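Below are the chains, spelled out letter by letter.
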Amino acid sequence: MRLIARYAKDKGEFFEIVTLYDEEMQKEQVSKENPTIKTLAYEHPAALWFERKMQDDFGIIVEDAFDKRPLVHQEQFPANIYPMRKDFTKKELDFSTFKPYDYEVINGDGVFQVSVGPIHAGIIEPGHFHFSQAGERMLHQEVRHFYTYRGIEKMVEGKTLTQAKPIIERISGNESIAYQICLRDIMVQSSGEKLGASLQKHHALLLELERIIHHLTDLGFIPNDAGFGAALAFGSKLAEDARRMMQKLTGHRFGFGAIDFDAISFDMLALKEWLDKIEADINYFEDWITDIPSVWDRLDTTGALTIQKALKYDTVGVMARASGVAIDRRLNPFYLERGFVMASQVSGDVAARFKLRMAEVKNSILLMRNFLQKKIATQKLSKLQDGEYMSFCESSIGELFMAIDIKDGVIERFYSRDASFMNWQVLHVMMLKDIIADFPLINKSCDLSYAGNDL
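Residues numbered from 1 in each chain as written. Predicted model: local features only at pLDDT ≥ 70, side-chain atom pairs only at ≥ 80, totals over all residues. Heavy atoms only, no water.

J.: I keep staring at the packing of helix α12 (residues 350-371) against helix α14 (residues 439-446) and nothing clicks. Help me out?
T.: To characterise two packed helices, one gives the angle between the axes of the helices and the distance between these axes. Closest axis-to-axis distance for the α12/α14 pair is 9 Å, and the angle between their directions is 35°. Every pair of crossing elements has a handedness; the one defined by α12 and α14 is left-handed. In this structure, α12 contributes Val350, Arg353 and Arg357 to the contact, and α14 contributes Leu441, Ile442, Ser445 and Cys446. (Axes fitted to C-alpha atoms, helices over the stretch in contact; angles between N-to-C directions. Helix = DSSP H or I, 4+ residues; strand = E, 2+ residues; numbered from the N terminus. Left-handed = near helix turned anticlockwise from the far one by under 90°. Contact = heavy atoms within 4.5 Å.)

In C-alpha coordinates:
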(Lines give C-alpha, C1' and ligand atoms only; values in the text may rest on other atoms or scores of the structure.)
Protein backbone atom coordinates (compact mmCIF):
# COMPACT_ATOMS: atom_id res chain seq x y z
CA MET A 1 0.00 0.00 0.00
CA ARG A 2 1.08 3.59 -0.65
CA LEU A 3 1.23 5.87 2.39
CA ILE A 4 -0.63 9.14 1.82
CA ALA A 5 -0.65 10.79 5.25
CA ARG A 6 -0.39 10.23 8.99
CA TYR A 7 -1.63 12.83 11.43
CA ALA A 8 -3.24 13.30 14.83
CA LYS A 9 -6.41 14.81 16.26
CA ASP A 10 -7.12 15.97 19.80
CA LYS A 11 -10.47 14.35 20.59
CA GLY A 12 -10.68 15.64 24.18
CA GLU A 13 -10.33 12.43 26.18
CA PHE A 14 -7.75 10.91 23.82
CA PHE A 15 -5.69 11.47 20.70
CA GLU A 16 -6.75 9.86 17.45
CA ILE A 17 -4.04 8.84 14.98
CA VAL A 18 -5.22 8.75 11.36
CA THR A 19 -3.09 6.76 8.92
CA LEU A 20 -4.26 7.01 5.34
CA TYR A 21 -3.14 4.67 2.57
CA ASP A 22 -4.29 4.54 -1.03
CA GLU A 23 -6.29 1.40 -0.22
CA GLU A 24 -7.53 1.97 3.33
CA MET A 25 -7.68 4.29 6.34
CA GLN A 26 -6.69 3.23 9.85
CA LYS A 27 -7.61 5.01 13.10
CA GLU A 28 -5.99 4.44 16.48
CA GLN A 29 -6.92 5.87 19.87
CA VAL A 30 -4.00 6.94 22.06
CA SER A 31 -4.20 7.77 25.74
CA LYS A 32 -3.26 11.32 26.72
CA GLU A 33 -1.64 10.01 29.89
CA ASN A 34 0.75 7.82 27.89
CA PRO A 35 0.66 9.05 24.28
CA THR A 36 2.85 6.51 22.51
CA ILE A 37 2.60 4.90 19.08
CA LYS A 38 4.67 2.58 16.92
CA THR A 39 6.61 3.89 13.94
CA LEU A 40 5.83 3.06 10.32
CA ALA A 41 9.14 4.44 9.10
CA TYR A 42 10.85 1.06 8.71
CA GLU A 43 8.28 0.09 6.08
CA HIS A 44 7.46 3.60 4.83
CA PRO A 45 10.47 5.95 5.28
CA ALA A 46 8.30 8.97 4.47
CA ALA A 47 6.28 8.28 7.64
CA LEU A 48 9.22 9.73 9.59
CA TRP A 49 8.31 13.39 9.06
CA PHE A 50 4.64 12.74 9.84
CA GLU A 51 5.63 11.13 13.13
CA ARG A 52 8.16 13.79 14.09
CA LYS A 53 5.52 16.43 13.36
CA MET A 54 3.00 14.67 15.63
CA GLN A 55 5.68 14.69 18.33
CA ASP A 56 6.15 18.46 17.99
CA ASP A 57 2.44 19.29 17.57
CA PHE A 58 0.88 16.98 20.18
CA GLY A 59 3.68 15.49 22.30
CA ILE A 60 2.96 12.00 20.97
CA ILE A 61 5.98 9.73 21.43
CA VAL A 62 6.96 7.31 18.69
CA GLU A 63 8.63 4.85 20.99
CA ASP A 64 10.55 2.71 18.48
CA ALA A 65 11.50 5.53 16.09
CA PHE A 66 15.13 5.79 14.99
CA ASP A 67 14.85 9.59 14.71
CA LYS A 68 13.19 11.55 17.53
CA ARG A 69 14.62 14.96 16.73
CA PRO A 70 12.20 17.91 16.45
CA LEU A 71 10.91 18.68 12.97
CA VAL A 72 8.79 21.81 13.14
CA HIS A 73 10.25 23.26 16.34
CA GLN A 74 13.36 25.35 15.79
CA GLU A 75 16.35 25.71 18.11
CA GLN A 76 14.74 28.19 20.53
CA PHE A 77 11.24 26.73 20.65
CA PRO A 78 10.26 26.21 24.32
CA ALA A 79 10.13 22.67 25.64
CA ASN A 80 6.89 20.86 26.48
CA ILE A 81 4.77 23.18 24.34
CA TYR A 82 2.44 21.35 21.97
CA PRO A 83 0.48 23.93 19.97
CA MET A 84 -2.00 21.59 18.26
CA ARG A 85 -3.51 20.41 21.54
CA LYS A 86 -6.91 21.91 22.25
CA ASP A 87 -5.78 23.28 25.61
CA PHE A 88 -3.05 25.36 23.97
CA THR A 89 -4.40 28.91 23.61
CA LYS A 90 -1.34 31.17 23.85
CA LYS A 91 -0.91 33.88 21.24
CA GLU A 92 2.81 34.43 21.90
CA LEU A 93 5.75 32.33 23.09
CA ASP A 94 8.99 33.31 24.79
CA PHE A 95 12.22 32.03 23.26
CA SER A 96 13.97 29.34 25.23
CA THR A 97 17.70 28.67 25.49
CA PHE A 98 19.28 27.93 22.12
CA LYS A 99 19.67 24.19 21.60
CA PRO A 100 21.72 23.23 18.52
CA TYR A 101 20.06 20.88 16.03
CA ASP A 102 21.85 17.55 15.71
CA TYR A 103 22.38 17.10 11.98
CA GLU A 104 22.99 13.73 10.39
CA VAL A 105 26.58 13.80 9.17
CA ILE A 106 29.23 11.48 7.82
CA ASN A 107 32.66 11.82 9.42
CA GLY A 108 36.07 10.58 8.33
CA ASP A 109 39.41 11.61 6.89
CA GLY A 110 38.93 14.30 4.28
CA VAL A 111 35.18 14.58 4.93
CA PHE A 112 33.82 18.06 5.66
CA GLN A 113 30.41 19.67 6.17
CA VAL A 114 28.71 22.29 4.00
CA SER A 115 25.60 24.21 5.09
CA VAL A 116 23.37 25.84 2.48
CA GLY A 117 20.57 28.14 3.65
CA PRO A 118 18.12 28.83 5.08
CA ILE A 119 18.83 32.24 3.52
CA HIS A 120 19.66 31.89 -0.17
CA ALA A 121 20.78 34.13 -2.99
CA GLY A 122 17.85 35.41 -5.02
CA ILE A 123 14.22 35.36 -3.90
CA ILE A 124 13.57 31.68 -3.14
CA GLU A 125 11.96 30.56 0.10
CA PRO A 126 14.01 29.63 3.18
CA GLY A 127 15.18 26.06 3.58
CA HIS A 128 18.34 24.46 4.95
CA PHE A 129 20.41 21.76 3.24
CA HIS A 130 23.29 20.15 5.11
CA PHE A 131 25.93 18.22 3.12
CA SER A 132 28.69 15.84 4.08
CA GLN A 133 31.36 16.17 1.39
CA ALA A 134 34.43 14.34 0.17
CA GLY A 135 35.86 16.90 -2.18
CA GLU A 136 33.08 17.84 -4.59
CA ARG A 137 31.22 14.54 -4.15
CA MET A 138 28.08 14.59 -2.02
CA LEU A 139 28.18 11.74 0.50
CA HIS A 140 25.02 12.70 2.35
CA GLN A 141 22.43 15.45 2.44
CA GLU A 142 19.86 16.32 5.07
CA VAL A 143 16.91 18.60 4.35
CA ARG A 144 15.70 20.80 7.20
CA HIS A 145 12.75 23.11 6.65
CA PHE A 146 9.85 24.72 8.55
CA TYR A 147 11.33 28.21 8.49
CA THR A 148 8.04 29.32 6.87
CA TYR A 149 5.89 27.59 9.50
CA ARG A 150 2.88 29.86 10.12
CA GLY A 151 0.71 27.68 12.35
CA ILE A 152 -2.03 27.47 9.72
CA GLU A 153 -3.57 24.28 11.15
CA LYS A 154 -4.20 26.10 14.43
CA MET A 155 -5.00 29.42 12.78
CA VAL A 156 -8.11 28.18 10.96
CA GLU A 157 -9.63 26.29 13.89
CA GLY A 158 -12.91 27.85 14.96
CA LYS A 159 -13.48 29.50 11.59
CA THR A 160 -16.12 28.62 9.04
CA LEU A 161 -14.87 27.23 5.73
CA THR A 162 -15.71 30.55 4.08
CA GLN A 163 -13.74 32.48 6.70
CA ALA A 164 -10.78 30.11 6.34
CA LYS A 165 -10.72 30.18 2.54
CA PRO A 166 -8.48 33.30 2.15
CA ILE A 167 -5.92 31.61 4.42
CA ILE A 168 -6.07 28.15 2.84
CA GLU A 169 -5.77 29.47 -0.72
CA ARG A 170 -2.58 31.31 0.25
CA ILE A 171 -0.77 28.32 1.80
CA SER A 172 1.36 27.89 -1.34
CA GLY A 173 1.29 30.47 -4.13
CA ASN A 174 2.24 28.00 -6.87
CA GLU A 175 -0.70 25.80 -5.91
CA SER A 176 -3.42 28.26 -4.93
CA ILE A 177 -5.99 26.86 -7.39
CA ALA A 178 -5.25 23.30 -6.26
CA TYR A 179 -5.76 24.20 -2.59
CA GLN A 180 -9.00 25.98 -3.48
CA ILE A 181 -10.25 22.93 -5.39
CA CYS A 182 -9.56 20.67 -2.41
CA LEU A 183 -11.49 23.08 -0.19
CA ARG A 184 -14.27 23.31 -2.80
CA ASP A 185 -14.68 19.53 -2.84
CA ILE A 186 -14.98 19.45 0.96
CA MET A 187 -17.61 22.21 0.84
CA VAL A 188 -19.56 20.25 -1.77
CA GLN A 189 -19.28 17.02 0.25
CA SER A 190 -20.48 18.70 3.43
CA SER A 191 -23.45 20.23 1.61
CA GLY A 192 -24.56 16.78 0.42
CA GLU A 193 -24.69 18.01 -3.17
CA LYS A 194 -22.80 17.35 -6.40
CA LEU A 195 -20.68 19.91 -8.19
CA GLY A 196 -22.20 21.10 -11.45
CA ALA A 197 -20.42 20.08 -14.66
CA SER A 198 -20.05 23.68 -15.81
CA LEU A 199 -18.19 24.80 -12.70
CA GLN A 200 -16.12 21.62 -12.65
CA LYS A 201 -14.89 22.30 -16.18
CA HIS A 202 -14.10 25.93 -15.45
CA HIS A 203 -12.22 25.13 -12.27
CA ALA A 204 -10.27 22.40 -14.08
CA LEU A 205 -9.35 24.94 -16.75
CA LEU A 206 -7.86 27.21 -14.08
CA LEU A 207 -6.00 24.29 -12.51
CA GLU A 208 -4.36 23.47 -15.85
CA LEU A 209 -3.46 27.12 -16.34
CA GLU A 210 -1.80 27.10 -12.92
CA ARG A 211 0.09 23.94 -13.93
CA ILE A 212 1.28 25.63 -17.15
CA ILE A 213 2.53 28.68 -15.23
CA HIS A 214 4.53 26.58 -12.78
CA HIS A 215 5.96 24.27 -15.45
CA LEU A 216 6.96 27.13 -17.75
CA THR A 217 8.88 28.72 -14.87
CA ASP A 218 10.76 25.45 -14.31
CA LEU A 219 11.39 24.91 -18.02
CA GLY A 220 13.28 28.20 -17.98
CA PHE A 221 15.11 27.74 -14.68
CA ILE A 222 16.33 24.17 -15.20
CA PRO A 223 18.48 24.95 -18.31
CA ASN A 224 19.57 28.16 -16.58
CA ASP A 225 21.00 26.14 -13.71
CA ALA A 226 22.84 24.10 -16.35
CA GLY A 227 24.45 27.28 -17.68
CA PHE A 228 22.02 28.17 -20.49
CA GLY A 229 20.59 31.52 -19.41
CA ALA A 230 18.72 32.22 -22.64
CA ALA A 231 16.18 29.53 -21.71
CA LEU A 232 15.38 31.39 -18.50
CA ALA A 233 14.68 34.60 -20.41
CA PHE A 234 12.38 32.80 -22.84
CA GLY A 235 10.66 30.64 -20.21
CA SER A 236 10.14 33.61 -17.89
CA LYS A 237 8.48 35.56 -20.69
CA LEU A 238 6.09 32.68 -21.39
CA ALA A 239 5.36 32.21 -17.67
CA GLU A 240 4.64 35.93 -17.26
CA ASP A 241 2.21 35.86 -20.20
CA ALA A 242 0.45 32.90 -18.57
CA ARG A 243 0.39 34.69 -15.21
CA ARG A 244 -1.26 37.70 -16.85
CA MET A 245 -3.87 35.41 -18.39
CA MET A 246 -4.61 34.08 -14.91
CA GLN A 247 -5.18 37.67 -13.78
CA LYS A 248 -7.53 38.32 -16.72
CA LEU A 249 -9.59 35.24 -15.91
CA THR A 250 -9.68 35.55 -12.12
CA GLY A 251 -8.75 39.11 -11.18
CA HIS A 252 -5.54 37.96 -9.46
CA ARG A 253 -2.15 36.82 -10.75
CA PHE A 254 -2.20 33.81 -8.42
CA GLY A 255 -5.91 33.13 -8.81
CA PHE A 256 -6.80 33.95 -5.20
CA GLY A 257 -10.56 33.81 -4.78
CA ALA A 258 -11.05 32.17 -8.18
CA ILE A 259 -12.69 28.90 -7.12
CA ASP A 260 -16.22 29.67 -6.02
CA PHE A 261 -19.78 28.89 -7.04
CA ASP A 262 -20.73 32.11 -8.82
CA ALA A 263 -21.28 32.58 -12.54
CA ILE A 264 -18.52 34.52 -14.28
CA SER A 265 -17.78 35.81 -17.75
CA PHE A 266 -14.46 36.27 -19.52
CA ASP A 267 -13.02 36.99 -22.95
CA MET A 268 -13.05 33.54 -24.54
CA LEU A 269 -11.56 34.81 -27.80
CA ALA A 270 -8.53 36.25 -25.96
CA LEU A 271 -8.03 32.94 -24.14
CA LYS A 272 -8.23 30.97 -27.40
CA GLU A 273 -5.69 33.28 -29.03
CA TRP A 274 -3.35 32.91 -26.06
CA LEU A 275 -3.64 29.11 -26.18
CA ASP A 276 -2.71 29.14 -29.87
CA LYS A 277 0.27 31.39 -29.17
CA ILE A 278 1.57 29.48 -26.16
CA GLU A 279 1.30 26.24 -28.10
CA ALA A 280 3.43 27.64 -30.92
CA ASP A 281 5.91 29.11 -28.43
CA ILE A 282 6.34 25.87 -26.47
CA ASN A 283 6.87 23.87 -29.68
CA TYR A 284 9.54 26.37 -30.75
CA PHE A 285 11.15 26.22 -27.30
CA GLU A 286 11.24 22.42 -27.37
CA ASP A 287 12.84 22.32 -30.83
CA TRP A 288 15.38 24.94 -29.76
CA ILE A 289 16.42 23.36 -26.47
CA THR A 290 16.58 19.83 -27.91
CA ASP A 291 19.41 20.84 -30.26
CA ILE A 292 21.77 22.14 -27.55
CA PRO A 293 24.00 19.19 -26.52
CA SER A 294 25.75 21.07 -23.72
CA VAL A 295 22.44 21.42 -21.86
CA TRP A 296 21.68 17.70 -22.09
CA ASP A 297 25.21 16.84 -20.97
CA ARG A 298 24.24 18.40 -17.65
CA LEU A 299 20.65 17.11 -17.49
CA ASP A 300 21.16 13.48 -18.52
CA THR A 301 21.92 11.06 -15.63
CA THR A 302 22.04 13.91 -13.06
CA GLY A 303 19.96 13.59 -9.89
CA ALA A 304 18.50 10.20 -10.80
CA LEU A 305 15.69 8.72 -8.72
CA THR A 306 15.09 5.04 -9.46
CA ILE A 307 11.58 3.64 -9.57
CA GLN A 308 12.46 1.42 -6.61
CA LYS A 309 13.37 4.41 -4.42
CA ALA A 310 10.40 6.42 -5.69
CA LEU A 311 8.05 3.64 -4.62
CA LYS A 312 9.85 3.05 -1.31
CA TYR A 313 9.48 6.72 -0.32
CA ASP A 314 5.85 6.94 -1.56
CA THR A 315 6.86 9.69 -3.97
CA VAL A 316 4.14 11.52 -5.89
CA GLY A 317 3.69 13.97 -8.75
CA VAL A 318 6.25 15.01 -11.33
CA MET A 319 9.09 13.28 -9.47
CA ALA A 320 7.23 9.97 -9.35
CA ARG A 321 6.05 10.05 -12.97
CA ALA A 322 9.57 10.93 -14.19
CA SER A 323 10.79 7.72 -12.49
CA GLY A 324 8.17 5.50 -14.09
CA VAL A 325 5.54 5.51 -11.32
CA ALA A 326 2.04 5.79 -12.81
CA ILE A 327 0.35 8.10 -10.30
CA ASP A 328 -1.83 11.12 -11.08
CA ARG A 329 -5.12 12.18 -9.48
CA ARG A 330 -6.36 13.17 -12.95
CA LEU A 331 -6.60 9.52 -13.97
CA ASN A 332 -10.39 9.57 -13.81
CA PRO A 333 -13.22 9.65 -16.38
CA PHE A 334 -13.73 13.42 -16.16
CA TYR A 335 -10.17 14.10 -17.34
CA LEU A 336 -9.68 11.07 -19.57
CA GLU A 337 -12.82 11.85 -21.59
CA ARG A 338 -11.46 15.34 -22.28
CA GLY A 339 -8.05 14.35 -23.56
CA PHE A 340 -5.89 13.80 -20.51
CA VAL A 341 -2.82 11.66 -21.20
CA MET A 342 -0.51 10.96 -18.29
CA ALA A 343 3.05 11.92 -19.15
CA SER A 344 5.79 9.60 -17.92
CA GLN A 345 9.51 8.99 -18.15
CA VAL A 346 11.65 6.18 -16.78
CA SER A 347 15.20 7.50 -16.26
CA GLY A 348 14.24 9.57 -13.20
CA ASP A 349 16.95 12.19 -13.81
CA VAL A 350 16.83 15.95 -14.35
CA ALA A 351 16.33 15.36 -18.08
CA ALA A 352 13.30 13.16 -17.38
CA ARG A 353 11.69 15.76 -15.13
CA PHE A 354 12.34 18.44 -17.76
CA LYS A 355 10.82 16.37 -20.58
CA LEU A 356 7.84 15.41 -18.43
CA ARG A 357 7.03 19.04 -17.70
CA MET A 358 7.24 19.84 -21.40
CA ALA A 359 4.74 17.06 -22.18
CA GLU A 360 2.42 18.17 -19.40
CA VAL A 361 2.34 21.75 -20.68
CA LYS A 362 1.27 20.49 -24.10
CA ASN A 363 -1.43 18.25 -22.61
CA SER A 364 -2.66 21.04 -20.34
CA ILE A 365 -3.12 23.27 -23.41
CA LEU A 366 -5.26 20.55 -25.00
CA LEU A 367 -7.27 20.12 -21.80
CA MET A 368 -7.89 23.85 -21.49
CA ARG A 369 -9.28 23.92 -25.02
CA ASN A 370 -11.60 21.06 -24.15
CA PHE A 371 -12.72 22.76 -20.94
CA LEU A 372 -13.77 25.95 -22.73
CA GLN A 373 -17.48 26.74 -22.60
CA LYS A 374 -19.62 29.70 -23.61
CA LYS A 375 -21.52 29.97 -20.33
CA ILE A 376 -20.52 29.09 -16.77
CA ALA A 377 -23.46 28.31 -14.54
CA THR A 378 -23.78 29.34 -10.91
CA GLN A 379 -24.49 27.00 -8.02
CA LYS A 380 -25.78 27.63 -4.52
CA LEU A 381 -24.82 25.09 -1.88
CA SER A 382 -27.07 23.96 0.92
CA LYS A 383 -26.02 24.47 4.53
CA LEU A 384 -22.74 22.70 5.29
CA GLN A 385 -23.15 19.78 7.67
CA ASP A 386 -20.83 18.71 10.47
CA GLY A 387 -18.61 15.73 9.74
CA GLU A 388 -15.16 14.52 8.73
CA TYR A 389 -14.23 15.18 5.10
CA MET A 390 -11.25 14.50 2.82
CA SER A 391 -10.31 15.56 -0.70
CA PHE A 392 -7.51 15.27 -3.26
CA CYS A 393 -6.22 17.31 -6.17
CA GLU A 394 -3.29 16.91 -8.57
CA SER A 395 -1.42 20.18 -8.18
CA SER A 396 1.46 21.25 -10.42
CA ILE A 397 3.80 19.48 -7.96
CA GLY A 398 1.73 16.37 -7.33
CA GLU A 399 -0.95 14.87 -5.12
CA LEU A 400 -2.44 17.34 -2.63
CA PHE A 401 -4.44 15.88 0.27
CA MET A 402 -6.73 17.85 2.56
CA ALA A 403 -8.82 16.79 5.56
CA ILE A 404 -11.25 18.99 7.49
CA ASP A 405 -13.43 18.10 10.48
CA ILE A 406 -16.44 20.40 10.93
CA LYS A 407 -18.12 20.68 14.32
CA ASP A 408 -20.90 23.13 15.17
CA GLY A 409 -20.44 24.71 11.76
CA VAL A 410 -16.76 25.61 12.20
CA ILE A 411 -13.41 23.90 11.63
CA GLU A 412 -12.52 21.51 14.44
CA ARG A 413 -9.37 20.13 12.73
CA PHE A 414 -7.66 21.18 9.51
CA TYR A 415 -4.87 19.18 7.92
CA SER A 416 -3.27 19.31 4.50
CA ARG A 417 -0.39 17.31 3.05
CA ASP A 418 1.34 18.94 0.13
CA ALA A 419 3.12 16.73 -2.41
CA SER A 420 6.31 18.47 -1.29
CA PHE A 421 6.02 16.97 2.21
CA MET A 422 6.47 13.51 0.67
CA ASN A 423 9.02 14.42 -1.97
CA TRP A 424 11.43 16.48 0.13
CA GLN A 425 12.15 13.29 2.07
CA VAL A 426 13.58 11.47 -0.95
CA LEU A 427 15.72 14.35 -2.21
CA HIS A 428 18.84 13.11 -0.41
CA VAL A 429 18.71 9.82 -2.30
CA MET A 430 19.12 11.70 -5.60
CA MET A 431 22.42 13.35 -4.63
CA LEU A 432 24.74 10.42 -4.02
CA LYS A 433 26.27 10.08 -7.48
CA ASP A 434 26.70 13.78 -8.18
CA ILE A 435 28.82 16.74 -7.12
CA ILE A 436 27.67 19.62 -4.97
CA ALA A 437 27.65 21.97 -7.97
CA ASP A 438 24.75 19.86 -9.32
CA PHE A 439 22.61 20.42 -6.23
CA PRO A 440 20.87 23.61 -7.45
CA LEU A 441 20.06 21.91 -10.75
CA ILE A 442 18.66 18.78 -9.07
CA ASN A 443 16.69 20.81 -6.55
CA LYS A 444 15.17 23.06 -9.20
CA SER A 445 14.20 20.07 -11.35
CA CYS A 446 12.02 18.91 -8.45
CA ASP A 447 10.86 22.47 -7.62
CA LEU A 448 9.11 21.61 -4.39
CA SER A 449 7.21 24.04 -2.20
CA TYR A 450 8.64 25.23 1.09
CA ALA A 451 5.49 27.03 2.24
CA GLY A 452 3.21 24.15 1.25
CA ASN A 453 5.48 21.78 3.16
CA ASP A 454 5.77 23.91 6.29
CA LEU A 455 2.12 25.01 6.86
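The structure having been displayed, the exposition proceeds.
J.: It is not clear to me how the pairing of strand β8 (residues 137-144) should be interpreted in this structure. Could you clarify?
T.: On a regular strand, each side chain points to the face opposite its neighbour's, so the side chains alternate between the two faces of the sheet. Counting buried positions along β8 gives 6 out of 8 residues, so the element sits mostly inside the fold. Linking strand β7 (residues 128-134) to β8, which pair antiparallel, is a turn of 2 residues; within it Gly135 sits at a positive phi near 70°. (Buried < 20%, exposed > 50% of the residue type's maximum accessible area, 1.4 Å probe, protein only. Pairing = 2+ DSSP bridges.)

J.: Can you help me understand the sheet that holds strand β10 (residues 399-407) in this one?
T.: Strand-to-strand pairing in sheets goes through backbone hydrogen bonds, with the strands running parallel or antiparallel. Spatial strand order, β9-β10-β11: 3 strands in an open sheet with antiparallel pairing. Here the strands that pair on one side only, and so sit at the sheet edges, are β9 (387-394) and β11 (410-417). Along the sheet, successive strands turn relative to each other by an average axial angle of 15°, direction set aside. Pairing between β9 and β10: 8 bridges, direction antiparallel. If you follow Glu388 over to β10, its bridge partner there is Asp405. The sheet strands contacting helix α4 (residues 176-191) are β9, β10 and β11, and the helix crosses β9 at an angle near 145°.

J.: For this particular structure, what's the right way to read the environment of Ala242?
T.: By the element assignment, Ala242 lies in helix α6 (residues 229-250). Counting along the chain gives 230 residues from Ala242 to Gly12, while the straight-line C-alpha distance between them is 47 Å. Ignoring any residue separated from it by four or fewer positions in sequence, one finds Ala242 in contact with Leu209, Ile213, Leu216 and Trp274.

J.: When you look at the packing of aromatic side chains in this model, what are you seeing that I'm missing?
T.: Two numbers describe a pair of aromatic rings. These are the distance of the centres and the angle of the planes. The final tally for this structure, using the stated rule, is 26 aromatic pairs. Centroid distance Phe285 to Trp288: 6.1 Å. Interplanar angle 75°. Geometry classified as edge-to-face. Residue Phe285 and its partner Trp288 are both found in helix α7 (residues 268-290); the two are separated by 3 residues, about one turn of the helix. Arranged with centres 5.6 Å apart and planes meeting at 10°, the rings of Phe334 and Phe371 form a pair that is stacked. Here Phe334, found in helix α11 (residues 333-336), pairs with Phe371, found in helix α12; they are 37 residues apart in sequence, far enough to count as distant. The residues Phe334 and Phe371 share a single accessibility class, namely buried. When the ring centre of Tyr101 is taken as reference, the NZ or CZ atom of Arg144 above it lies at 3.9 Å. (Phe/Tyr/Trp six-rings, centres within 6.5 Å; stacked < 30°, edge-to-face > 60°. Lys NZ or Arg CZ within 6 Å of the ring centre and 35° of its normal.)

J.: How should I be thinking about helix α5 (residues 197-225) in this particular structure?
T.: Along an α-helix, residues three or four apart share an orientation, since each turn contains 3.6 residues. Its 29 residues give α5 an end-to-end C-alpha distance of 42 Å, which sits within 8% of 42 Å, the value for a rise of 1.5 Å per residue. A large share of α5 lies buried, amounting to 23 of its 29 residues. Gly227 occupies a position one or two residues after α5 and carries a positive phi of about 95°. (Expected span 1.5 Å × (residues − 1).)

J.: Please explain the state of the cysteines as it appears in this structure.
T.: Within this structure, the stated rule accounts for 0 disulfides. Distance from the sulfur of Cys182, which forms no disulfide, to the nearest cysteine sulfur (Cys393) is 5.3 Å. What makes Cys182 buried here is its relative accessible area of 0%. Using a relative accessible area of 5% as the deciding quantity, one classes Cys393 as buried. (Disulfide = S-S within 2.5 Å.)

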